[in-house]
Amino acid sequence: MQDFLKRLPKAELHLHIEGSLEPELMFALAERNGVELPYASVEAARAAYAFEDLQSFLDLYYQGMAVLRTADDFFDLAMDYFQRAHAEGVVHVEISFDPQAHLARGIELSVQMEGLGRARRQAERELGISTALIMSFLRDCPADEAMRVFEQAAPYWETIDAVGLDSAERGHPPSKFTEVFARAKELGIPRVAHAGEEGPAAYVREALDLLDVCRVDHGVRCLEEPALVERLRDERIPLTVCPLSNVRLKVVKHIDDHPLPRLLEAGLVLTLNSDDPAYFGGGVLANYLACEQAFAWGKETFASLARNAIEVAFMDSRRRQALL
Ligand code: ADE
Ligand code: ZN
C-alpha cells in the first residue's frame, strides 16, 4: 500500500509555501542573511513545534519566515519544497503565499514574485511538476490592506491563479473581505478561502455566499450544519482537507477522531493536503499514509481522492487530460 500511495499521481492544493520551510533551510538562510533565530539548533526548532491551537502555530510560522529576504531565498524555499514533493509522487502543486507578511517586513512584492516564479518555472522544466499560485490575504489584518496589496499586485494578476484567505480565523469572518473578493471576481480571478478550520460552519456558508469561492480550505466544521453539508455535496464544492494539520493544531484530538470518514460518507468532494508540511509532520504522502493507518481505506478510495484533486485543480485542460 505504501508503494501504491507513493506512486499514485497526487496533486497538492493546500500548501502554504512559508509553511514548507524546514528548520535546516531556516538555519541556512538565517546564516546567509545574518538573521538571529530563537532556536539553538535544528532539533530545538523541531522540538518547539508543539502547538495548542492555530494561533500558537501562527506565532512561530510568522517568526520563521523572517529569514526570507531576497528573491533567491524565496526561490530556495520553493525549490526545496518542489523537490520533496516530487520525490513523494506529487505531480501538481498549488502554492499559497502570504504577501502581506513579507511586505510588513519590508520585502517587496517583486522580490517575492521573482523568487517564487523562478522556482515554479524550474520545477515545471526539470521535475515535470505543474504549479499554480494562490495569493492569500491575512484575515487578521484590515480588509483595506488586503485591497491595497491586491491592487499593488496588478502587474502579476496574469500569473496569479486564485486569491485565498488565511491566518487566524476566529473573529475574522469571510464577510470582512467581501469587497476585495468581489474585485478579484470582477477580474475573473478564482477565489478560495480557509473556513471551518477553527471557525464555525457559518464561516463556510459566508465564504460561499459572500466570497463566491470555488473551493473551501479545511471546511471540516461544516459537519456542524447538516444543511450546509448537503449544499457542499449538491454544489460539488471541494474541501482541501489537511488531516495532520488538524491533529497538530488540535482541531481534532487524534487522527482516529478525524471527520474525514464522515465527510466521505456524506458524499463530499474531498482532497488530501499538507497545509504546512515543515511544521505538521510531513508532506502530502505522509497525510495519505496517516489516513491509511487510521481508516484502513482501500486503494480505490485513495485513487478517487487523488483524482478529485486533479479534477478540481487550477490547471489547463491538456495537463488535466494527461493526468487523469
Ligand atoms: N497559514 C498557514 N497555515 C494556516 C492554517 N492552517 N490556517 C490558517 N492560516 C494558515
Ligand atoms: Zn492552510
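Just so it is clear, the structure is predicted and the values come from calculations on it, not from any experiment.

A few words on the overall build of the chain. Scanning the chain for helices and strands turns up 17 helices and eight strands. For the chain, the C-alpha radius of gyration of 18 Å lies close to 20 Å, the compact-globule estimate for 324 residues. Each principal axis of the C-alpha atoms in the chain carries an extent, and together these give about 50 × 45 × 45 Å. Here the chain holds 324 residues, and 48% of them are scored as buried. For the chain, the share of sequence-separated contacts (at least 6 apart) that also reach a separation of at least 24 residues comes to 75%.

Residue position: Pro9 is located in the loop between helix H1 (2-7) and strand S1 (10-16). Accessibility expressed as a C-beta count within 10 Å gives 16 for Pro9, which makes it partly exposed. With 315 residues separating them in the primary sequence, Pro9 and Leu324 have C-alpha atoms 9.2 Å apart. Dropping the residues within four chain positions of it, Pro9 is found in contact with Gly89, Val91, Ala306 and Leu323.

So, about helix H16 (residues 299-312). With 14 residues, H16 ought to run about 20 Å at 1.5 Å a step, and its terminal C-alpha atoms sit 20 Å apart, in line with that. When H16 is considered as a whole, its buried residues turn out to be Phe302, Leu305, Ala306, Asn308, Ala309 and Ile310. Here the buried face of H16 lies against H1, S1, strand S2 (90-97), strand S8 (270-272), helix H15 (284-295) and helix H17 (317-323).

Within the largest apolar cluster, 97 residues are counted, with the highest numbers of intra-cluster contacts made by Ala78, Phe82, Ile95, Leu116, Val204 and Ala207. The greatest single-element share of this core, amounting to eight residues, is contributed by helix H5 (residues 71-87). Every residue in contact with Ala207, bar those within four places of it in the chain, is listed here: Pro174, Ala193, Ala195, Val213 and Val216.

Glancing now at the pairing of strand S4 (residues 162-166). The buried fraction of S4 amounts to five of the five residues, a majority that puts the element mostly inside the structure. Judged by which residues are buried, S4 turns out to be covered on both faces: Ala162, Gly164 and Asp166 on one side and Val163 and Leu165 on the other are all buried. By the bridge criterion, five bridges tie strand S3 (residues 130-138) to S4 in an arrangement that is parallel. Of the residues in S4, the one forming a bridge with Met135 is Val163.

All right, on to the UniProt feature "binding site: Zn(2+)" (unreviewed entry) in the chain then. Per the UniProt record, "binding site: Zn(2+)" (unreviewed entry) is found at His14, His16, His194 and Asp275. A maximum C-alpha distance of 11.7 Å places the annotated residues, which cover 262 residues in sequence, within one compact spot. For His194, the location among the structural elements is in strand S5 (residues 192-195). Taking the number of C-beta atoms within 10 Å as the measure of exposure, His194 has 31 and is therefore buried. For His194, the residues in contact, after removing those within four places along its chain, are Leu165, Asp166, Glu169, Asp217 and His218. When near neighbours in sequence (up to four residues on either side) are disregarded, Asp275 contacts His14, Leu15, His16, Gly19, Cys242, Ser245 and Phe280.

Turning to the pairing of S5, a few remarks are in order. Residues Val192 and His194 of S5 are buried on one face, and the alternating residues Ala193 and Ala195, pointing to the opposite face, are buried as well. For S5 and strand S6 (residues 215-218), the ladder comprises four bridges, and the chain directions are parallel. Note that in S6 the partner of Val192 across the bridge is Arg215. Once you follow S5 into helix H10 (residues 201-211) and on to S6, the crossover reads as right-handed.

All residues in the neighbourhood of ligand 1 are listed as His16, Gly19, Leu54, Tyr61, Asp166, Ser167, His194, Glu197, Ser245, Asp275 and Asp276. Here the shell around ligand 1 is composed, by residue class, of two nonpolar, five polar and four charged.

It is worth spelling out the UniProt feature "site: Important for catalytic activity" (unreviewed entry) in the chain at this point. UniProt annotation of "site: Important for catalytic activity" (unreviewed entry) refers to His218 when read in the numbering used here. One can find His218 in strand S6. On the basis of neighbour counts, which here come to 28 C-beta atoms within 10 Å, the residue His218 falls in the buried class. Once residues within four sequence positions are removed from consideration, His218 is found in contact with His194, Ala195, Gly196, Glu197, Val241 and Cys242.

Right, let's get into the sheet that holds S6. The four strands lie next to each other as S5-S6-S7-S8, forming an open sheet whose pairing is parallel. Because the sheet does not close on itself, it has two edges, and the strands there are S5 and S8. In this sheet, adjacent strand axes meet at a mean angle of 30° when their direction is disregarded. Running over the sheet, H16 touches S6 and S8 and is turned about 105° from S8.

Thresholds applied
Residues numbered from 1 in each chain as written. Chains lettered and ligands numbered in written order. Predicted model: local features only at pLDDT ≥ 70, side-chain atom pairs only at ≥ 80, totals over all residues. Helix = DSSP H or I, 4+ residues; strand = E, 2+ residues; numbered from the N terminus. Rg over C-alpha atoms; globule rule 2.2 N^0.38 Å. Buried ≥ 20, exposed ≤ 12 C-beta atoms within 10 Å, placed from the backbone. Contact = placed C-beta atoms within 7 Å. Expected span 1.5 Å × (residues − 1). Core = buried A, V, L, I, M, F, W, Y, C linked by C-beta atoms within 7 Å. Pairing = 2+ DSSP bridges. UniProt positions renumbered as here; feature names shortened; annotations may be inferred. Right-handed = clockwise from strand over helix to strand, strands pointing away. Near = placed C-beta within 6 Å. Nonpolar A, V, L, I, M, F, W, Y, C, P; charged D, E, K, R; others polar. Axes fitted to C-alpha atoms, helices over the stretch in contact; angles between N-to-C directions.

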